[in-house]
Every structure is written in C-alpha cells, then in structure tokens.
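Chain and residue survey
Given next are the chains, with one letter for each unit.
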Amino acid sequence: MNSVERLDVHPRIITALKKAKLTKQATILCMSAADLERTTKLSFFDVSILIKAVAYSLPCPPMRTALSLFNNETHKQGSNKGCRLCLGCQILDGFLRGGILRQGITEVTGESSSGKTQLCLQMCLTVQLPQEHGGLGGGAVYISTEDVFPSKRLHQLTQCFAKRQTLQSASLNLNFSDNVFIEHAADVDDLRNIITHRLPVLLNRGAIKLVIIDSIAALFRVEYSFGEMSKRAKVLRSFGAQLHKLSNLYSIPVVCVNQVSDVIQTDNNRSLSGNKSVIPALGMAWSSMVTTRLMLSRTEQLIQNNNDDESPVTKRRLRVVFAPHLPSSTCLFYVDAAGVHGYQDNPEGFG
C-alpha cells in the first residue's frame, strides 16, 4: 500500500498522520473514524476528507456484472471440470452441477441404509479419474469410525466401475483398489491424531485428493454425555477448522458422513426425510462447519432401474439441504450391484 504522503489532502493532515505514526494507507483503512480522530487529534471534517482521499487512491477494477463473472468462470474452468468431483453418474452430476465442491466440507447425512456409505465408496473410485473425466487424478483416504470397512463391497464396485470405465475410454488403465487408503479411528483422540498428524503427512505427498470420514457422529455420540455438550461443541469446531484447513491448503474435498436424530413431531414440524421427522446429528456446532449438506433417505417403494431388464430396486432420495452453489432440491436415485445411480424418470429432481 502506498505511503500517506501521496494522498491528495492538506499538508496539515499529512503532518498529523506522521505525528501519530500512521504512515501507511493500509493502517488507516483498518481504523474507524472515531479512532482516527482520537489518534490524530484531527476534526471530524478532516477525518472524513482523509478517508475519502484514501478511498479514491485505491485501484478500482472495472465494473462487472454477476452474469459476466459467471460466464467467465465457466469458460475458464471448462464447465466445472477440475473444481468439482463427479459422482460417476450423469444424472446425479447434472443435479449437483458437476459434483461435490473441491474445497470445503460436504456432509452426507441420513438414516441407516439410506446409501451414505455407498455414495462415499463410489467417490473413492471417481476421484481417481483424470480431470477431463470428472475426477481429480488422485487417491482417497477413508477414515472409518463405526463398523468394519466394507472391503467386499468396495471390491464389487471396483470391478463394475473398472469395466464401465474401460468401455468408455480404452486409454484409462487404473488399478482402483490400490489408491484407497483405509484408516480406523477407535475414539475421538485417535481421530484427532489422524487428521492432525498422520493425514497431513499423507497429503504432502500429493497422491491423495479426497478425504472421507464415516462417520463424524459415531465417536462424539458415545464419548460425550448430555452434560458435556459445551465441551463436545468446542472439540467439533476444532475438528471442523482442521478439516477446512486441509481442504483449502491441498485443494481437496472433505466428505463427512453424519447420522440423524429423531425430533418430536408437532403440527408445525416438517419432515426432512420421508415420513419420519429427523434432523442431522451433532447440532449447530457442527452444522456451522459444513459447507454443503446432502441428506439421503430410503423409501419403501420400488422403481424400475435404468436397465429395464433387471429387477426393481428401492427408491431413494438425495436432497440438497444447503449449499453455496445449489438451490434446495431433491433428486431420486437407487443403489444396485454396480453402484449409485440417479433415476432417469425423475419427476422430483432438479427443483
């Protein structure tokens, strides 16, 4: 920032600034009008002239509309390739405008058997694709805190995914199983050690482009009693801050699976998942750390999958609860042996 000597003001004001040891315009910008009056002993009129002079001295970029900024960003990034991680399904990727954000925390929440782990396993495979195919060209770290890691299901998805990618592009020759690193966290201290010490070492090597925690709620629900909510909130915020730091530093998406809690049904309550009224667990302390929240739910209805020759599958919903780039909307999907797929006949989707 330029020196105050270059400001177009009366020399008396410049002298007062030097006596107060305010020699940089950046320092003036950080002070309120009242602070400047006290520090420089100048009148309110002189301070207003000073602030206006500093404002006029700043470089002013040309005015641009929001539409021009959006079009320029889309053109530069080639329709979001490289700034999103695709889900491996054209319908779901279209619904999410390219996939999940590359930076920030994406929460996948929902009831048991709604498809949360299935979606995360599929992202462990799509992240390994090159950017021109919707991936990020790297491996994934899967931090499991609940049951035993579903290695058999991952192997099944890997075989189906590799076959599908080979049909789409013969040039891809990836061994998907070799690029998924599994970590197990037995308690909160173990999880803290992983994301604070062990995970940064792995990320420094540049081979990891996705971090998944399944789930963030399991450990905190067990280790903290009702009377320790304040302590739990403090630890959750520190975990969230560390995950955001890693995401921004290494430009990678962080996906956290969350459980749900039942809420008491009242006339004014609105169900967030099917016929039951549930909300994501861990409260506002964790919600404030989440960039994008996706809620999954499973219904009792059967639908015909996109391959009509196969048997019907369970109808599920993916709902955008909040996101910085998406409206609140719902899309249908289903899970089969080959993975997670958006439903083609989707009257609820994209709106």
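Predicted model, so just to flag it, every value in this text is computed and none were measured. (Residues numbered from 1 in each chain as written. Predicted model: local features only at pLDDT ≥ 70, side-chain atom pairs only at ≥ 80, totals over all residues. Heavy atoms only, no water.)

1. Notes on the pattern of salt bridges
Inclusion rule: We count a salt bridge whenever a side-chain nitrogen from Lys or Arg sits within 4 Å of a carboxyl oxygen from Asp or Glu. Helical segments are the DSSP runs of H or I of at least four residues, strand segments are the runs of E of at least two, and each set is numbered from the N terminus. Accessible area is worked out with a 1.4 Å probe on protein chains only. A residue is then buried under 20% of its type maximum, exposed over 50%, and partly exposed in between.
If you walk through the whole model with that rule in mind, you get five salt bridges. Between E183 and R198 there is a salt bridge, with its nearest N and O atoms 2.6 Å apart. Highlighted residues: E183 in strand β5 (residues 180-184) and R198 in helix α9 (residues 188-204), separated in sequence by 15 residues. For R198, a relative accessible area of 38% translates into the label partly exposed.

2. A short note on helix α10 (residues 216-223)
The criterion, for reference: Every residue pair with non-hydrogen atoms within 4.5 Å of one another is taken to be in contact.
When we look at burial in α10, the residues that qualify are I216, A217, A218, L219 and F220. Looking at the buried residues of α10, the elements they touch are α9, β6 (208-214), α11 (229-250), β7 (254-258) and α12 (283-287).

3. Looking at the side chain of T292
Within the fold, T292 resides in strand β10 (residues 292-303). Given the relative accessible area of 4%, T292 is considered buried. Once you skip the residues sitting within four places of it in the chain, T292 turns out to touch L101, I105, T106, E107, F322, A323, P324 and H325.

4. What about the nonpolar core?
What counts is decided by this rule: As used here, the term nonpolar core means buried Ala, Val, Leu, Ile, Met, Phe, Trp, Tyr and Cys residues forming a set that is joined through side-chain atoms within 4.5 Å.
Core analysis: the largest hydrophobic core is formed by 40 residues, its most contacted members being L96, M123, L210 and V255. Per-element accounting of this core gives the leading share, six residues, to helix α7 (residues 116-126). If sequence neighbours within four positions are ignored, L96 has contacts with R84, L87, L294, L318, V320, H325 and L326.

5. Considering the environment of L58
Take L58: it is sitting in the loop between α4 (44-57) and α5 (66-77). Sequence-wise, L58 and Q25 are 33 residues apart; in three dimensions their C-alpha atoms are separated by 9.3 Å.

6. Section: unusual backbone geometry
Across the junction of D214 and S215, the peptide omega takes the value 0 degrees, indicating a cis bond. Its identity as a non-glycine residue notwithstanding, K21 has a phi of 60 degrees, on the positive side. For K21, the location among the structural elements is in the loop between α1 (11-19) and α2 (25-29). Not every positive phi belongs to a glycine, and S113 is a case in point at roughly 65 degrees. Within the element layout of this structure, S113 appears in the loop between β3 (105-110) and α7.

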